[in-house]
Structure formats: C-alpha cells, structure tokens
There are 2 protein chains.
Amino acid sequence: MKPINIGLLGIGTVGGGTFSVLGRNHAEIVRRAGRDLVISVVADKDLERARQVTGGKARLTADAWSVVRDPEVDIVVELIGGHTIARDLVLAAIDNGKHVVTANKALLAMHGNEIFAAALKKNVVVAFEAAVAGGIPIIKALREGLTANRIQWIAGIINGTSNFILSEMRAKGIDFATALKEAQARGYAEADPRFDIEGIDAAHKLTIMSAIGFGIPMQFDKAFIEGISKLEAVDIRYAEEMGYRIKLLGITRRAGHGIELRVHPTLIPSKRLIANVEGVMNAILVKGDAVGPTLYYGAGAGAEPTASAVIADIVDVARMLTADPDHRVPHLAFQPDRLSADPILSMEDVETAYYLRMRVLDQPGVLADITRIMADQTISIDAMLQKEPGEGEDQTDIILLTHVTREKNVNVAIARIEALTTVTGKVVRLRLEALS
Amino acid sequence: MKPINIGLLGIGTVGGGTFSVLGRNHAEIVRRAGRDLVISVVADKDLERARQVTGGKARLTADAWSVVRDPEVDIVVELIGGHTIARDLVLAAIDNGKHVVTANKALLAMHGNEIFAAALKKNVVVAFEAAVAGGIPIIKALREGLTANRIQWIAGIINGTSNFILSEMRAKGIDFATALKEAQARGYAEADPRFDIEGIDAAHKLTIMSAIGFGIPMQFDKAFIEGISKLEAVDIRYAEEMGYRIKLLGITRRAGHGIELRVHPTLIPSKRLIANVEGVMNAILVKGDAVGPTLYYGAGAGAEPTASAVIADIVDVARMLTADPDHRVPHLAFQPDRLSADPILSMEDVETAYYLRMRVLDQPGVLADITRIMADQTISIDAMLQKEPGEGEDQTDIILLTHVTREKNVNVAIARIEALTTVTGKVVRLRLEALS
C-alpha cells in the first residue's frame, strides 16, 4: 500500500518536534498505524532552518499554498499558528479534499465553526488533539472516552507559563514581576507574555473543551477572561494559610440556566490532586455524572509533547484511511502481525531500587558487616535510617534504601544478611521506584 | 436507521449501572453516537433481580446462549465475569458475528490472545475499556492517544481495594487486618478478598496494559505478583519518615533485555502526584519518550464509573457501524446537527465561591458593617481571617471566604464595602472552587 503523504506547514518548535519524533519512532508508529507515514513536503518561510531540521529528508518549499494544493499530499499538518493565514490555508486544504491536523487553538476557538462546517461538506477530518494541553490526550478522552456521561464541569490548568509563575510565586514567596522574569529567563514565557499571563491562551483551549464537553458551538467571544498579572503575593500566602492554592483555571460548567465559560485565578483546596500540579505541567479535571471526577495530567507544551499529539492525530487519520472500519484500532494497539517477541523478564532479572528493613543486635560492627555484604553484591546504598533501641531493649531496626540494582543481587545479599548472628529474624524487602 | 441492539449478559453491579446510565443519559449519548442504542435483551440467572433493575424495559432471559445467537443483537456486552463460561460465551458471540464489549480483565489477561485472534478472523471488535481502571479511559489513551511514543514504562494504582487499605493504614496508623475489616465493612473488599489484596486483579489489568503499551501478547502467567497482606504498619511509617509512600503498583517497563511485568507494594516519593492518590481511586502514570510522563486518574471500580467505560465502548462500536469512516467521531463530539443552543452565561450570572481581601481601619464596628453588607446580598460567609495590625499600624487585612453565590451579588457587595469610610483602597476579589 502506498504511504500516507504528509505536508507539514511550519517547521518551528512543534514542526521540528513532529519531524524528529516521526523519524525516531518510525518503526514503532508504523506498527501501530498499519501504514507507512512519510513527511513528503515541508513548507516554511525560513528555508535554511527547514534544511537544517530536515537534513535533506523531505522536499522543501517556501510556498505553503503549493502544499495544500499538492495532489500527492493526503494530510496537511498546520503548525504555523495565528488565525489569518492559517485560516486561509486550512480552508484551502479542506477545499482540496485534504485531511487536516492542527495544533492551532486560536484558529479553532475563533474559526472552528466555519472550519468544521467546511470539513463536513468535503468529508474530511480536522484533527486537533495538540490544540489543547499539548501531549495530554484530553480531546480523545472527552470526545470518545467519556461519551456515556452528562459532563457537569471541566476545570483545567491549561497554560504552563502561568502555572510556572504561580508555582514560583508560592514556593519562593516572590512577586509576579520577579516570577515572570524567571519564566522568561527559562524560555517558558515569551518576550511579550500577554497571551499566556492574561488568560487568552487558556480561554482558547477552554472554548474548545467547552464545545466538546457540552455539544455547543465555539463561542470564544463570550468567555470571561482574567489573567494573573495583577495577582499579589500576599493573596497566595493568605490562601495557603486557609488551606488553598491559587491556580489559573479554565472552568466551564453546565449551570441550570446556561453554560459557564471563564478563566481566572482560582483558589482550590490544597488537598486536591490538581492543586499539586506544579511548574509548566498541565492538568484537566473533568466531572461526569456517571464516572465522577477524572483527571488528565502531563506536559501541556514543548516540542515533543505537542508532537506526540500531532502524530497521534496523524495515526488516527492513517488508521481510518487504511483499515476496514472494524479494525481501525488494533485490539492490542499494534497490528496483529506486528507484535513483538520481547520476553517477559523473570523477577531475578528485574532492576529496581529497594527498601530493606532488618532487626539487629545493638552491637559494634553490625552495620559494617551489612554494608560489606551490600558492597560485595555491588549494591550501592542511597539512604539509611537507624533507630535508637527502645528503653531496655538490645535490638533495633536498620532501614536501607538502595540505588537501582538487580533483584538477584539483592536476593543473595538478603540471604547473607539473614545468616549473620547479629541479625534477628527475616529481612523485610520492599521495592522502590522513583517514577521520574 | 434502525437502532443498535445490545444484548446484556449479567445485570449485577456493572450491568445494573450500564442499564441505568444508558437510560438516564440516553438523549445525550445518542446525540454523540449518531444512532439509537437499545438494550433489547438481558440475560441473567436471577430473573427476579433482572426484572427489578430493568423495570420491564427489556426482554429478559435466563439463557445467555440465546443472546449470543440472537440474530437481532448487534453488540454482546459481557458482564458475567470469570473466565470459563464467559470465555465460551464471548467466543460464541464472536463466532456469530457479534461485536463484544467486556469489562472482564481476568478473561482477557488469560484468554485475550485466543479471543482477539477469533475476533480478527470474524471481523468483529472486542472492546474492553472497562477491564482496566474502571471509568478512566486508559485503554484509549494507550492505544490511540500515545501512538507517537515509544512507551518506556507504565505504573499504576489499579486496585482500589488495596489502595483504600494502604491509605487507611497510613492515615490511621492501623495494621493490615484492621484496615481490611474497615474495607469490608464499607463494601470495598469482598468476604474473600484474596483477588484484590494479593495483587491478582492488579496483575490482570497490568497484563492488558503491558500488551498494549509494548505490542506483545498477553502473558499473565509470566507476571510477578506480590500483594499487600504481609505489609506491616511499621514499614509504612519508616517509609514516610524517609519521604515515601507505599502503594500497590503494577509496573511494566521496557528494559534493555526484555519487558518487566510486576505487581508489588512499592515505595514512591511522597511528592509525586500518584503518591497522593488516596482511598479507592485509581491512577496510571505512563512514560512515553516524546510526551514524557502523563497521568490518568479516576474511579477504578463501582457501578456507574465502570458503566461509563462500557458505554463508551458501545458508542465506539455504534459510531463505527453508523458513520462513514471520515466522520466516525464528530468534530465537536456531538453530531453536527445535534448541537445544543444552551447560552454562555455572562459573568454576572455565574455562581461560585469567593475570596475577598480588604484593608480596614482597626476600629470597632468595621466587621459588623462588612458582614451586614454581605447578609444584605444574601452572601453567606464560610471562613474569615483577620490579621493583627503590624507594629505601629492602624490598618489590617480582613479575608472572607464565601459560600457559593451569584457574581452580581458580590459585585454589589464589593461596591458597598469599598464605599465604607473604614475600608481603605479596593477589595481584592478572587474566585474559589471546591472542585468536588
């Protein structure tokens, strides 16, 4: 079967990430998609940059219009941004019968109704997972995962820049201006940060989620938007004293008399999981009447996280163009004839970190014996806790945390430790994962 | 177009939830699916129970075999459980060309390879979102949302009973046996709790996620499984002292030499979001090479959360059977001709709670004036914080948290408070959401 040909409009941060991830994971992605995927042409005004990123592996052009008209192109991936030229190009691509994948939230929030109507008429898909919360598959969750539910509300931390600033303000007790400078220094905020800090970017994303959650047209112009630029450090402190964190939330709720659509700094109870989402990470909490609350967390921006969503949309379209409808998505995600023969490891061969607790006699040399055994098995110790013996007791607990090592080494070490006359009873072994 | 006819096998907890949610949200679900959905026949050995749950709204039978052979049935929903009769019925349904939706993790972990091969041969779908983590759409995220990624590892709290027990042990400092009794009293643990507390249920779910994440066959027999029944309270305490929480994690990881597949109590850093998942809730952390870590959180069991996933699968099949492939999933989740005309509310009409900070003169009667104004606007106060004036100052801050009220009332109250001669400067207003 001939490959799916992709025309990429714009090879900046997200475009570059898309090119790179699709190249690096090509085999794995094709095993899932059931069809070869090729970025056959890249349009960018900066041909030199395009040349560097693509390394000669795709045809280049400075003329985006030639891509949306190219009869060889099956999917147009719009990563230019903005809502003027991008709108014209997307509508032209649709008009030429191309499927479109876009990460452009402003475009959809402002012109989504027109674009989807055009796509419906031309029988093409406009996919936009990357437009909301970067790599988090929240559009798929809302459109397909939660279809049983009457959605009650959606509340999201959907602007990483603002969340980074608020996290810094709280953690370091600094004011907004200082935190913004820190965000700019780290490349998390633009030189002109208004889009992010004034809530406009969040409102674009919220508008899209609201439409999908409640089945209403996009109505960005009706959103209430208040940013974080006037937020004072003192209020973050008072909120914390009262058990709350302040987050820039996008909230859309089905009220008795209509739909709420609003972005503003919001106090939320500190104990909520979403209150503990820090730095540039995003999270969306969705309340459905059947499922209750569900939360989706991950990187909301950045080259590769956003590329992850762009490529997921490309695979969705490729699966649709390739499979009979019954097998659009393979049962085990990968094509049945492309499963892997990787073996499952026996526990002896697993590598992880360990928590070991042992009861020892309170005598000199005990710890030396134990640490010698660990060293013999090339197990390195990350942390140790030794408790004082209780009143009148001659035994105490030693707890060791190890660095990552192989289970079989730990088995040997435990057997040898248990054989020491200064160690009483069994060694308690638990495993430890940093999950980083 | 004729409705999609569903044959329901088993109307216990999840079957009852499915019947009830599909009835309650029928209009909303059909707006999404683009096709009417009808539970046309229910098979259950307990016909009396079936009669009570369905209230005469579906044909009943005690013979599940008649359902899987029924020419009128398009989708068989298997909610019987177990892996003997359920296996035979699912294979027979497939053999009769029915699509199958199942919540049965044991069945898939043990016989999934055989079942999917049969489904492939007969060109039918076997959908199983409800088999892992109840209402959390984790199967969809892994199979469709993260297709760009080389998955590095998946770590999940995927057994609510165990997580409840561990949460209780930590919060109350009680031992395993006491916490288990508490779980049983609350209906979170069975009389025979071995499946949950010994990690078997978690291993079933992990086996399924591992297969999907890495594109390998189901290999439940190779899983390493260690439960929580031998866990001692003292280790939970020591772990906490060292900055860790203990959770029963299912972990599957791509190692250099094979795939790890293991369930065991695990220390994880307390600051990780997943370490703070408490009670019966589930959460799955997935690490992809492009997207980084993403987390999915929600109810992992229960009648309606599990029904949410069962119905999502039904809608998936209905959309596939109904739409031309290009419009399987409507752009805005709902069919384009079935959007809602619900208006977006103006901010004045939004109802939420508030944080109000005001600078006041340190004089008698000030608080009385303020609370009088609040009462006049029928705003009730949830909490108050009054700071002592600083050394040599004659002003201080008062912070009020309100219960939920209408924004327009708060606008009036703020204007009146700012007009008080004892209040200096503007009132700072932030909004507050409990997100419960």
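Just so you know, these numbers come straight off a predicted model, no measurement behind them. (Residues numbered from 1 in each chain as written. Chains lettered and ligands numbered in written order. Predicted model: local features only at pLDDT ≥ 70, side-chain atom pairs only at ≥ 80, totals over all residues. Heavy atoms only, no water.)

K.L.:
Lay out the overall build of chain A in plain terms, naming residues and giving numbers.
P.N.:
Within chain A, the regular secondary structure consists of 15 helices and 17 strands. Taken across its 436 residues, chain A has 61% of its residues classed as buried. For chain A, long-range pairs separated by at least 24 residues make up 69% of all intrachain contacts whose partners lie at least 6 apart in sequence. Split by element, the accessible area of chain A, about 15700 Å² in all, is 51% carbon and sulfur. (Helix = DSSP H or I, 4+ residues; strand = E, 2+ residues; numbered from the N terminus. Buried < 20%, exposed > 50% of the residue type's maximum accessible area, 1.4 Å probe, protein only. Contact = heavy atoms within 4.5 Å. Areas by Shrake-Rupley, 256 points an atom, 1.4 Å probe, with all protein chains shown as cover.)

K.L.:
Lay out the packing of helix α8 (residues 160-172) of chain B against helix α9 (residues 176-185) of chain B in plain terms, naming residues and giving numbers.
P.N.:
Residue and element names in this part refer to chain B. Where α8 contacts α9, the two axes come as close as 9 Å, and the packing angle between them is 125°. Comparing the axis directions of α8 and α9 gives the class oblique. Considering how the two elements wind past one another, α8 and α9 form a crossing that is right-handed. When α8 is examined against α9, the residues Phe 164, Ile 165, Glu 168, Met 169 and Lys 172 are found in contact with a partner set consisting of Phe 176, Ala 179, Leu 180, Glu 182 and Ala 183. (Axes fitted to C-alpha atoms, helices over the stretch in contact; angles between N-to-C directions. Parallel < 35°, antiparallel > 145°, perpendicular 65-115°, else oblique. Left-handed = near helix turned anticlockwise from the far one by under 90°.)

K.L.:
Go over the sheet that holds strand β1 (residues 4-9) of chain A with me, naming the residues and quoting the values.
P.N.:
Residues and elements named next belong to chain A. Strand order in the open sheet formed by six strands is β3-β2-β1-β4-β5-β6, and the pairing between neighbours is parallel. Of all the strands in the sheet, just β3 (59-61) and β6 (126-127) have a single pairing partner and so form its edges. Examined bridge by bridge, strand β5 (residues 99-102) and β6 share two bridges and lie parallel to one another. Counted as the bridge partner of Val 101 is Ala 127 from β6. (Pairing = 2+ DSSP bridges.)

K.L.:
Let's hear about the packing of aromatic side chains: which residues, and what values?
P.N.:
Tallying each qualifying case throughout the model produces five aromatic pairs over all chains. Summarising the aromatic geometry, the rings of Tyr 296 of chain A and Tyr 296 of chain B are spaced 6.4 Å apart at their centres and angled 75° between planes, so their arrangement reads as edge-to-face. Placement of the pair is Tyr 296 of chain A in strand β12 (residues 292-299) and Tyr 296 of chain B in strand β12 (residues 292-299), with the two residues belonging to separate chains. (Phe/Tyr/Trp six-rings, centres within 6.5 Å; stacked < 30°, edge-to-face > 60°.)

K.L.:
Can you tell me about the relation of the copies chain A and chain B, naming the residues and giving the values?
P.N.:
Mapping one chain copy onto the other needs a rotation about an axis and a shift along that axis. Superposing chain A onto chain B takes a rotation of 180° plus a shift of 0.0 Å along the axis, which leaves an RMSD of 0.0 Å. The superposition operator between the copies reduces to a two-fold rotation axis. Measuring from the rotation axis to each C-alpha of chain A, the shortest distance belongs to Tyr 296 of chain A, at 2.4 Å. The share of interface residues of chain A whose copies in chain B are also at the interface is 100%, consistent with both copies meeting through the same surface. (Least-squares fit on C-alpha atoms with pLDDT ≥ 70 in both.)

K.L.:
Help me get a handle on the packing of helix α6 (residues 105-122) of chain A against helix α11 (residues 200-214) of chain A, residues and values and all.
P.N.:
Residues and elements named next belong to chain A. For the pair α6 and α11, the least separation of the axes is 8 Å and the interaxial angle reads 55°. Here α11 runs oblique to α6, going by the angle between their axes. The handedness of the crossing between α6 and α11 is left-handed. Packed against α6, whose contacting residues are Lys 105, Ala 106, Leu 108, Ala 109 and Met 110, the element α11 presents Asp 201, His 204, Lys 205, Thr 207 and Ile 208 at the interface. Taken together, the residues that form the contact of α6 with α11 break down as five nonpolar, two polar and three charged. (Nonpolar A, V, L, I, M, F, W, Y, C, P; charged D, E, K, R; others polar.)

K.L.:
Before we move on, can you summarise the sheet that holds strand β4 (residues 75-78) of chain B with the specific residues and values?
P.N.:
All names here are of chain B. The six strands lie next to each other as β3-β2-β1-β4-β5-β6, forming an open sheet whose pairing is parallel. Of all strands in the sheet, those bounded by a partner on one side alone are β3 (59-61) and β6 (126-127). Here four bridges tie β4 to strand β5 (residues 99-102), and the two strands are oriented parallel to one another. Paired with Val 76 across the bridge in β5 is Val 100.

K.L.:
Summarise helix α15 (residues 407-419) of chain A; cite the residues concerned and give the values.
P.N.:
Its 13 residues place the ends of α15 of chain A 19 Å apart at the C-alpha level, agreeing with the 18 Å of an ideal helix rising 1.5 Å per residue. Each element contacted by the buried residues of α15 of chain A is listed here: β13 (351-361), α14 (366-376), β16 (405-406) and β17 (423-432) of chain A. (Expected span 1.5 Å × (residues − 1).)

K.L.:
How would you sum up the side chain of Lys 140 of chain B? Please name residues and give values.
P.N.:
Relative to the helices and strands, Lys 140 of chain B resides in helix α7 (residues 138-145). The exposure class of Lys 140 of chain B is buried, given its relative accessible area of 7%. Beyond its immediate stretch of four places on either side in the chain, Lys 140 of chain B contacts Lys 140, Glu 144 and Gly 145 of chain A together with Glu 129, Gly 145 and Asp 316 of chain B.

K.L.:
Give a detailed account of the interface of chain A and chain B, specifying residues and quantitative values.
P.N.:
Tallying the contact residues gives 140 residues for chain A and 140 residues for chain B. Taken together, the two surfaces of chain A and chain B that pack against each other cover about 11900 Å², and 59% of this comes from carbon and sulfur. Linking chain A with chain B are 22 salt bridges. Across the pair Arg 431 of chain A and Glu 226 of chain B runs a salt bridge whose closest N-O atoms are separated by 3.2 Å. Remark: the boundary between chain A and chain B carries 69 residue pairs in polar contact (both at pLDDT 80 or more). Broken down by element, the side of chain A that touches chain B gets its largest block of residues, eleven residues, from strand β10 (residues 258-269) of chain A. As defined by bridge partners, β17 of chain A adjoins strand β10 (residues 258-269) of chain B across two bridges and the pair is classed as parallel. Bridge pairing in β10 of chain B places Arg 431 of chain A opposite Thr 266 of chain B. (Buried area = accessible area lost by both parts, 1.4 Å probe. Salt bridge = Lys/Arg side-chain N within 4 Å of Asp/Glu carboxyl O. Polar contact = N/O pair within 3.5 Å; in protein donor to acceptor, adjacent residues only side chain to side chain.)

K.L.:
Hey, could you go over the domain arrangement of chain A for me, with residue numbers and the actual values?
P.N.:
Domain boundaries in chain A define domain 1 (4-132 + 303-337), domain 2 (138-299) and domain 3 (351-432). Taking only C-alpha atoms, the centre of domain 1 of chain A and the centre of domain 3 of chain A are 55 Å apart. (Domains from an automatic or database assignment.)

K.L.:
Got a sec to walk through the side chain of Thr 161 of chain B? Specific residues and values, please.
P.N.:
Residue and element names in this part refer to chain B. Looking at the secondary structure, you find Thr 161 in helix α8. Judged by its relative accessible area of 9%, Thr 161 falls in the buried class. Engagement of the side chain of Thr 161 in a polar contact is seen with the backbone oxygen of Tyr 188, the distance being 2.8 Å.

K.L.:
Any chance you could break down the environment of Tyr 354 of chain A for me, citing the residues and the numbers?
P.N.:
Within the element layout of this structure, Tyr 354 of chain A appears in strand β13. The spacing of Tyr 354 of chain A and Tyr 188 of chain A is 166 residues in sequence and 36 Å in space, taken between C-alpha atoms.

K.L.:
Before we move on, could you go through the confidence of the model for chain A and cite the residues and values that matter?
P.N.:
Interpretation of the predicted coordinates at a detailed level should be avoided for regions scoring low in pLDDT. In this model, chain A carries a mean pLDDT of 96, and residues with pLDDT of at least 70 account for 100%. Across the interfaces of the predicted complex, the ipTM metric reaches 0.96, alongside a pTM of 0.96. (pLDDT = per-residue confidence, 0-100.)

K.L.:
Go over the pattern of salt bridges with me, naming the residues and quoting the values.
P.N.:
Applying the stated criterion across every chain yields a total of 88 salt bridges over all chains. Between Arg 194 of chain B and Asp 192 of chain B there is a salt bridge, with the nearest N and O atoms lying 2.6 Å from each other. Several salt bridges share partner residues, and in doing so they unite Lys 140, Glu 144, Asp 316 and Arg 328 of chain A together with Lys 140, Glu 144, Asp 316 and Arg 328 of chain B into one network.

K.L.:
Any chance you could break down the nonpolar core for me, citing the residues and the numbers?
P.N.:
If you look at the biggest cluster of nonpolar residues, it comprises 179 residues, and the most contacted ones within it are Ile 138 of chain A together with Ile 138 of chain B. Aside from chain neighbours lying at most four places away, what touches Ile 138 of chain A is Glu 129, Val 132, Ala 133, Met 209, Ile 284, Val 286 and Tyr 296 of chain A. Ile 268, Tyr 297 and Leu 435 of chain A together with Leu 249 of chain B belong to the second-largest nonpolar core, a separate cluster that totals 34 residues. (Core = buried A, V, L, I, M, F, W, Y, C linked by side-chain atoms within 4.5 Å.)

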